[in-house]
Amino acid sequence: MKLSKTMTLVLCLLLTVSLGAFAAEPAKVEGPITITVWHTRAAGANGDQIANAVARFNATNPYGIVVEEVYQGGYPETLAKTMQSIAAGTAPEIVLLERAAGVPVLATQGVLLDMAPYAERDGFQLDNVPPVLLKYSYYDGQLVAMPYIRSTPLFYYNKQMFAEAGFTEAPKTIEELIQVGRALHKKNANGETEVWGFALLNDPGWFIQNMIYQMGSNLVSEDGQKVICLEDGTMLAALKAWREWVDEGWCWPPTVTRGEATMKDLFNQGKIASYFASSGGMTNILNNAEAVGIEVGVAFLPTWDAARPSAPTGGGNLAIIKQGKNDQQLAAAWEFMKFVMSDAEAAGNAADTGYLPATYGSAQQPVIQELWAKRPEYKVAFDQLEIAQELPWSPYNSEFIEQLKVICSQLIIDRTITPEEAIEALKIEARLIFR
Amino acid sequence: MHSESIWGPKLRRGAARLPGILGKLFVAFIFLFPFYWMVITSFKPYAETIQFPPTLWPQNFTLDAYISIIGKMNLLVYVKNSIIVTVSEIVLQLLVMIPAAYAFARYNFVGKGLMFGMVLVALMIPVQVTFITVYLLMAKWKLLGTLLPQIIPFGTNAFGIFLLRQSFLQIPEEVIESAKLDNASELQTMTQIMLPMAKPTVITICMFSFIGRWNAYFWPLIMTDVERIRPLTIAIERLKDLEYGINWSVLMAGNVLLVAPIVVVFFFASRKIMEAFAYRGVK
Amino acid sequence: MKQQQEPRRKSFTKEKILPYIMTAPAMAFLLVFTFYPMANLIYLSFFDYNLINPNKRFVGWRNYYELFFVRKDFLNALQNTAVYTGAVVFFVILLALLLALWIRKDSKFNHFVQTCAFTPHLVAMLSCAMIWAWIMDANRYGLFNTVLSFFNLPPLRWLNSSATAMLSVVIVSVWKSIGYYCLIIVSALKAIPAEIYEAAELDNTPRYRLFFRIILPLLSPQLFFLLVTITINSFKVFDTVRVMTEGGPGNATDVISFYIYRYAFRHFRIGYASAAGTVLMVILMLLTAVYFRGLSRRVHYQ
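All values derive from a computational prediction rather than experimental measurement.

Novice: Looking at this model, I keep getting lost on the overall build of chain B. Mind explaining?
Specialist: Assigned secondary structure in chain B consists of 14 helices and zero strands. Taking all 283 residues of chain B together, 43% fall into the buried category. Taking contacts inside chain B between residues at least 6 apart in sequence as the whole, the part at least 24 apart equals 74%.

Rendered as structure tokens:
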């Protein structure tokens, strides 16, 4: 019997749909398998945490999956090694990438696994994850990364120095920050600065971008195709302000290398009264300050516009590489991903190291609640997530921010160009990079 | 009168030498001071390392930094890797370099100019140019899990060939002629006559090779994807976790551990080196 | 007759191929690990390539065009590298020579000074950089600035100002390399037979005449070697810059290998970085050719 055209069409459709559904059904792990995760968690509490987590997973997973964790250096080194390993066919299954500079680079190449089908199959609750932390987890509608060791910058200050100058609270706005900075600025007989009221590191992708956001703009447009802050005057305003603060003498200009370490050392010597820095370093900051008798206050970042407070986030996301991997490897990688994103594990991760609890559920865990009770400073970081914002996704961000850093270095460290010249230079870079 | 003639000129000569001695001490100080600073910082607690004005001798001498490193890391594996890589490298380079330098110095053959030119060109290539290609090559040959990628790409020590050839060229013809008269084979001439005369150079080259491989960081970082083949340099760099903060005493302690073996080797070898340099050649 | 000819032919062939056998291993390693990557580099410089995507896009001379005419930072890196190399070559050779002449005589004390001079070479660049960053601290209490204040001079910002950053990097490089090259010169000085010195003393030859007419020519092979080596090593400088300034402030200490590394390792523009690498190689080859053509005639072998 000949099938009518319509019937054939319907049958074909049914077949395709069922085949499609069959193909989309993610595989389940069938037997023992070894997979590798590459990460940036260096020696000490950081590295220990992942080693212990991996050991726990290896001991408790019912499939016989064995995970090997290997440290590969900082974020740039790990990303570069991952790129070359993909080219060589020696890539790991899971890799820890910087959320903005790393994930987009691999995602745009199409080498990352879409975890959405797996999440759906296993009932993984994505709304358990704070939305701002997931901003760089989606690409082209696919779920390509999970927040793993996330942080946010905070305002750290020397409580005693502030009290001596009559400030009982941290500044809430940039205007108040300027007042505090000027008040705490001390000069010696030669007119050289002995104490700086505030310090700002050369991390414009974080701090300057945040200020621009508070002014109502952003570094790049929503579609990530062009730079918008150069035309609307917001970048100019931010750079001008920063340069003014440094010229007035109360804002410490960073050193050309190891700026963060130097800044923290100066803080511990009582030479810098306050600074912006990642919450990821909280444990070390508090411990080192205690060792020299300084009481550290921790607060939200002061905002340019009281009606629009915000803060950037940072840190690393875990992603699964699908290029050159078979179903079993991907399935095993997903099992580890689920494990690490479980509330208990995410809580332990945060409590041991000072990184943010990656899920709402983990924030409720006893180990985190106890930590926050004992040291409320850690809670400040998590609370700030409510006002956190993210830079729009763009494949050009990483290169543009690198050039922005170089130009800021000339503007703030070297001080050989003016803010207007910096804007001109940035415009040229934007033209070259955003092709 | 007798006493005058003894003390006068002697004292004058001594006094004349004093500025020279002081000058040399100052020079030695300039070179040693940073090293000294590194060592004493490793024995200070964190609070003291950032103290201002800095202390020239640890006030609160402590071994904490070392304990935290040695306790936390399985140093033996890294040290073992560094030793194997360094020693194998030296052996390989000697085997490759000595005949090549000898050939360039002693023979005229077609293509010699070109080949020596290639050796010189190789000297100019920074590793930033070659690393990606070599990594891909090592992956293709399935050598990535071994120590070989840290050793074989440097088999030809262009610097060594250049220096050694120079040394061989300076050996007087008579020595070689007399060896020929004694019916020595090429191999014998090379190893028993010319090599001993170039001993200072060979030792110098070995030492530079040793230091270069021992302190190498960038190349092993690229070539090692797993922990068990990593050398000591990578372990020590890992001590600075940027988001966490740098603890100077721990970092300096790590660097002291990294430098200590070289200093020990150098200390024992420098005697030999000075002896070798004292060799005057055929009189 | 035949019996006489055969052994001669055998040793003739053996002599002919022996040099090739002796240089074969060295050439093999070079071909695989240096020249093949170089050729690959030149090949890649005509493409747009980011490592992962196997489809490289052929772009012809576009990378070179961008290198020289579109961006200014490559020319800046070239200039910085040239300045750095010139300064380091000059100061290292001058100071190593002076030091070697000073401590030439065999004595325990001189041996001690020699060893001290060599220690910077043993220490990893990272530690050297941190210690020198402390010494050259930009505020008044940095060691260098304290010394300057003794002479009533204003403090300098050393690594943090584009006016002095290169100078600071050069100082550290020179400090680290002198001992190494001094050793080579000292050994060469010691190889000069004592009779020459004695004869000069007998003739009452003035010091500078002894130096310029006699010692310098005898040292010329080593000095020439030093000149070539230091030039090449300076052009390749990477670790010093990476650890001390990361190319900053701004681009003030950006040098070619760091430039290549940045574009390859951080921006994944392999084609563009390869073009920069190719230019570096061409420059070095030209330089070495110049050295050999120009100076090798003045090198005096015994």
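Novice: What exactly am I supposed to notice about the interface of chain C and chain B here?
Specialist: When the parts of a complex come together, some accessible area is lost, and that lost area is often used as the size of the interface. Contact residues are listed per partner, giving 60 residues for chain C and 62 residues for chain B. Mapped onto the side of chain C that touches chain B, the elements with two or more residues apiece are helix H1 (2–44), helix H4 (108–122), helix H5 (125–135), helix H7 (165–191), helix H9 (207–235), helix H11 (256–266) and helix H12 (270–295) of chain C. Looking at which element gives the most residues to the side of chain C that touches chain B, the answer is H1(C), with 17 residues. Considering only residue class, the side of chain C that touches chain B consists of 42 nonpolar, 15 polar and three charged.

Novice: What should I look at first to understand the interface of chain C and chain A in this one?
Specialist: Contact with chain C, which involves 23 residues of that partner, is made by 22 residues of chain A. Partitioned by chemical class, the residues of the side of chain C that touches chain A number 10 nonpolar, nine polar and four charged.

Novice: Quick question: what am I supposed to make of the nonpolar core here?
Specialist: The nonpolar side chains of a soluble globular protein tend to be buried, and buried together. Ala319(A), Ile320(A), Met337(A), Cys182(C), Ile185(C) and Ala276(C) are the most contacted members of the largest nonpolar core, which has 285 residues in total. The leading source of residues in this core is H7(C), at 15 residues. Counting six residues, the second largest nonpolar core, distinct from the first, contains Val85(B), Ile152(B), Phe154(B) and Ile229(B).

Novice: Honestly, the domain arrangement of chain B in this entry has me stumped. Any pointers?
Specialist: Taken domain by domain, chain B comprises domain 1 (2–64) and domain 2 (73–238). For domain 1 of chain B versus domain 2 of chain B, the separation of C-alpha centres amounts to 37 Å.

Novice: Sorry, what's going on with the pairing of strand E7 (residues 153–158) of chain A here?
Specialist: A regular strand places its side chains so that they alternate between the two faces of the sheet. Residue and element names in this part refer to chain A. Within E7, six of the six residues are buried, leaving the element largely enclosed by the surrounding structure. Residues Pro153, Phe155 and Tyr157 point to one face of E7 and Leu154, Tyr156 and Asn158 to the other, with burial holding for every one of them. Two elements, E7 and strand E12 (residues 274–278), share five bridges in a ladder whose sense is antiparallel. The partner of Phe155 across the bridge, within E12, is Phe276. As judged from the four bridges shared by E7 and strand E13 (residues 296–299), these two strands associate in the antiparallel manner. Its bridge partner lying in E13, Asn158 is registered against Val296.

Novice: Just checking my understanding: could you explain the pairing of strand E6 (residues 145–151) of chain A for this structure?
Specialist: Residues and elements named next belong to chain A. Most of E6 is tucked away, with seven of its seven residues classed as buried. For E6 and strand E14 (residues 314–320), the ladder comprises six bridges, and the chain directions are antiparallel. Counted as the bridge partner of Ser151 is Gly314 from E14.

Novice: Explain the sheet that holds strand E3 (residues 94–98) of chain A here, please?
Specialist: The strands that make up a sheet are held in pairs by hydrogen bonds between backbone atoms, and each pair lies either parallel or antiparallel. Residues and elements named next belong to chain A. Spatially, E2-E1-E3-E14-E6 is the arrangement adopted by the five strands of the open sheet, whose pairing is mixed. With partners counted over all chains shown, the strands left at the sheet margins are strand E2 (65–71) and E6, one partner each. Within this sheet the neighbouring strands show an average axis-to-axis angle of 20 degrees, counted without direction. The sheet contact formed by strand E1 (residues 33–39) and E2 spans seven bridges and is parallel. Looking across to E2, one finds that Trp38 is bridged to Val70. The sheet contacts of helix H2 (residues 45–60) involve E1 and E2, and relative to E2 the element is tilted by about 170 degrees.

Novice: Whenever I open this one, the domain arrangement of chain A confuses me. Can you help?
Specialist: All names here are of chain A. On domain assignment, one finds that chain A holds domain 1 (30–151 + 314–387) and domain 2 (153–312 + 396–433). A C-alpha centroid distance of 29 Å is found between domain 1 and domain 2. Between domain 1 and domain 2, the residue contacts involve 18 residues of the former and 17 residues of the latter. Counting only elements with at least two residues in the side of domain 1 that touches domain 2, the list comes to helix H4 (103–108), E14 and helix H16 (377–384). Ranked by residues supplied to the side of domain 1 that touches domain 2, first place goes to H16 with five residues.

Novice: What is the right way to read the packing of helix H17 (residues 397–414) of chain A against helix H18 (residues 419–433) of chain A from this model?
Specialist: Packed helices, taken two at a time, are described by their axes: the angle between them and the distance between them. Residues and elements named next belong to chain A. Where H17 meets H18, the axes come as close as 10 Å, and the angle between the chain directions of the two elements is 160 degrees. Regarding the angle of H17 to H18, the classification is roughly antiparallel. Here the hand of the crossing between H17 and H18 comes out right-handed. Of the residues in H18, those touching H17 at Glu399, Phe400, Gln403, Leu404, Ile407 and Leu411 are Pro419, Ala422, Ala425, Leu426, Glu429, Ala430 and Ile433. For the contact of H17 with H18, the residue count by class is 10 nonpolar, one polar and two charged.

Novice: Would you mind going over the environment of Val246(A) with me for this structure?
Specialist: Mapping Val246(A) onto the fold places it in helix H9 (residues 234–248). Counting along the chain gives 19 residues from Val246(A) to Val227(A), while the straight-line C-alpha distance between them is 26 Å.

Novice: Please clarify how the packing of H2(A) against helix H13 (residues 343–353) of chain A should be interpreted in this entry.
Specialist: All names here are of chain A. Axis separation between H2 and H13 bottoms out at 9 Å; the angle between their running directions is 160 degrees. By the angle class used here, H2 and H13 are roughly antiparallel. When the axes of H2 and H13 are compared, the crossing they make is right-handed. Here Ala45, Asn46, Gln49 and Ala53 of H2 come into contact with H13, specifically with Glu345, Asn349, Asp352 and Thr353.

Novice: Explain the confidence of the model for chain B to me, please; I cannot follow it from the model alone.
Specialist: Interpreting fine coordinate detail is not advised for predicted regions of low pLDDT. Residue and element names in this part refer to chain B. The share of residues in chain B with pLDDT of 70 or more is 87%, and the mean pLDDT across the chain is 81. A low-confidence stretch, residues 279–283 stays under pLDDT 50, and its non-local contacts, those more than four residues away or across chains, total six contacts. Scoring the predicted complex yields pTM 0.84 and, for the interface, ipTM 0.81.

Parameters and conventions
Residues numbered from 1 in each chain as written. Chains lettered and ligands numbered in written order. Predicted model: local features only at pLDDT ≥ 70, side-chain atom pairs only at ≥ 80, totals over all residues. Helix = DSSP H or I, 4+ residues; strand = E, 2+ residues; numbered from the N terminus. Buried ≥ 20, exposed ≤ 12 C-beta atoms within 10 Å, placed from the backbone. Contact = placed C-beta atoms within 7 Å. Nonpolar A, V, L, I, M, F, W, Y, C, P; charged D, E, K, R; others polar. Core = buried A, V, L, I, M, F, W, Y, C linked by C-beta atoms within 7 Å. Domains from an automatic or database assignment. Pairing = 2+ DSSP bridges. Axes fitted to C-alpha atoms, helices over the stretch in contact; angles between N-to-C directions. Parallel < 35°, antiparallel > 145°, perpendicular 65-115°, else oblique. Left-handed = near helix turned anticlockwise from the far one by under 90°. pLDDT = per-residue confidence, 0-100.

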